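Below, each chain spelled out in residue letters.
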Amino acid sequence: MKEGLFSRTMLWLVFLFLLGPFVIVFLAGFSAGETLAFPPTSYSLRWIFEVLAAEEFQRAFRTSLEIGLLATVIALLLGVPVAYAMSRMPPPGMGAIKQILTSPLIVPAMLVGLGLLRHFVLLVDAPVFLGLLVGHIGLLTPYAVRVVYASLVNLRVDIEEAAITLGASRAQTFFLIVLPNIRSAVIAAFFLAFVTSFNQVPVSLFLTGPGISTLPIEMLGHMENSFDPSIAALSTLLVLFTMAFVLATEKVLGISKYM
């Protein structure tokens, strides 16, 4: 009895630890006051409407969405073939290749952003949007490779051999046999990469420029200059947007059937 009570208590403490910060931000976002405070003395939708109408947040949101979607799609187009080649035709020095592919996950993102600023922006003088896109692709590709590779390793090779024996080409086997069987991994890699790109701060901080800024960087700059509840309201909207995005994708693609 005591063990059951202890387990339930720990479970509720974990829930409180995970959801507590969101509850605080959620309530602060509906504050009617001029400054950020918790608990709010009164509630209003004022700051929700203000952040929705703010042009700088709208522009930054569009930039983050474009960068996130483009970088995720390109990372998957690069990562899925690489993962397939690594799992089916491992080249010599496989350990070193894995270390190189996972290095963007190990090296601090601040160093990655500084390196891209030094060698890609200052030397090549690349456009700001292109620099952001390349930086995010470099960060997201290892996620795509690792997630898809783990799924391909568990996929039996004899399924592909059977398809080839029955007359299918390598391309037909990949698109008709392999890809449907690793669909859940590709979807998981898409979500992981997109969320990583959308919330990326260190790399974007070095690569943003005049007129082009991602939403996290715009929020960071706003917090430095003001102390109103607008960032709490925007954070609440972003959480709701993420939840709606996941639910809509699950409804359209039926992710639960493949998980």
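I will try to describe carefully the structure that is included in this document. (Residues numbered from 1 in each chain as written. Predicted model: local features only at pLDDT ≥ 70, side-chain atom pairs only at ≥ 80, totals over all residues. Heavy atoms only, no water.)

### Details of the environment of Thr-196
With respect to the helices, strands and loops of the structure, Thr-196 is situated in helix 9 (residues 183-198). Dropping the residues within four chain positions of it, Thr-196 is found in contact with Leu-140 and Tyr-143. (Helix = DSSP H or I, 4+ residues; strand = E, 2+ residues; numbered from the N terminus. Contact = heavy atoms within 4.5 Å.)

### Topic: helix 2 (residues 46-53)
Residues of helix 2 that are buried: Trp-47, Ile-48 and Val-51. When helix 2 is viewed along its axis, its buried side chains cluster within an angular range of 105° and face the same direction. The exposed set on the far side of helix 2, more than 90 degrees from its buried face, consists of Phe-49 and Ala-53. (Buried < 20%, exposed > 50% of the residue type's maximum accessible area, 1.4 Å probe, protein only. Arc of directions from axis to C-beta.)

### Notes on the nonpolar core
As a rule of thumb, nonpolar side chains are buried together in soluble globular proteins. Formed by 17 residues in total, the largest nonpolar core has its most connected members in Ala-83, Val-148, Leu-152, Val-178 and Ile-182. Of all the elements in the fold, those that place two or more residues in this core are helix 3 (55-88), helix 6 (128-153), helix 8 (170-181) and helix 9. Apart from the residues lying within four places of it in its own chain, the contact partners of Val-178 are Tyr-84, Leu-152, Leu-155, Glu-160 and Thr-173. (Core = buried A, V, L, I, M, F, W, Y, C linked by side-chain atoms within 4.5 Å.)

### Quick notes on helix 9
An α-helical turn contains 3.6 residues, so a residue and the one three or four places further along point in the same direction. Here helix 9 spans 22 Å end to end across 16 residues, near enough to the 22 Å set by a 1.5 Å rise per residue. Every buried residue belonging to helix 9 is among Ser-184, Ala-185, Ile-187, Ala-189, Phe-190, Phe-191, Ala-193, Phe-194, Thr-196, Ser-197 and Phe-198, and all of these are buried. (Expected span 1.5 Å × (residues − 1).)

### Observations regarding the packing of aromatic side chains
A full pass over the atoms with the stated rule returns 9 aromatic pairs. Residues Phe-61 and Phe-198 carry aromatic rings whose centres are separated by 6.0 Å and whose planes lie at 75° to one another, so their mutual orientation is edge-to-face. Separated by 137 residues along the polypeptide, Phe-61 in helix 3 and Phe-198 in helix 9 bring together distant segments of the chain. Classification of Phe-61 by relative accessible area gives partly exposed; the value is 25%. (Phe/Tyr/Trp six-rings, centres within 6.5 Å; stacked < 30°, edge-to-face > 60°.)

### Some remarks on the pattern of salt bridges
Opposite charge on two side chains makes pairing possible when the charged atoms of those side chains draw close. Taken as a whole and assessed by the stated rule, the structure comprises 4 salt bridges. One salt bridge connects Arg-156 with Asp-158, and the closest N-O pair in it is separated by 2.6 Å. (Salt bridge = Lys/Arg side-chain N within 4 Å of Asp/Glu carboxyl O.)

### Let's talk about a nonpolar patch on the surface
On the surface, a nonpolar cluster with roughly 880 Å² of combined accessible area is contributed by Leu-11, Trp-12, Val-14, Phe-15, Phe-17, Leu-18, Leu-19 and Val-23. Counting through the fold element by element, Val-14 comes out in helix 1 (residues 2-29). (Patch = residues over 30% accessible without salt bridge, like charges linked within 9 Å, V, L, I, M, F, W, Y side chains within 5 Å. Areas by Shrake-Rupley, 256 points an atom, 1.4 Å probe, with all protein chains shown as cover.)

### Structural notes on the packing of helix 3 against helix 6
Two elements in contact, helix 3 and helix 6, have axes separated by 6 Å at closest approach and are oriented at 40°. Classified by the interaxial angle, the pair formed by helix 3 and helix 6 is oblique. The chirality of how helix 3 crosses helix 6 is right-handed. Looking at the contact of helix 3 with helix 6 residue by residue, the classes come out as 22 nonpolar, 5 polar and 2 charged. (Axes fitted to C-alpha atoms, helices over the stretch in contact; angles between N-to-C directions. Parallel < 35°, antiparallel > 145°, perpendicular 65-115°, else oblique. Left-handed = near helix turned anticlockwise from the far one by under 90°. Nonpolar A, V, L, I, M, F, W, Y, C, P; charged D, E, K, R; others polar.)

### Digging into the side chain of Thr-141
For Thr-141, the location among the structural elements is in helix 6. A polar contact of 2.7 Å, which involves the side chain of Thr-141, links it to the backbone oxygen of Ile-137. (Polar contact = N/O pair within 3.5 Å; in protein donor to acceptor, adjacent residues only side chain to side chain.)

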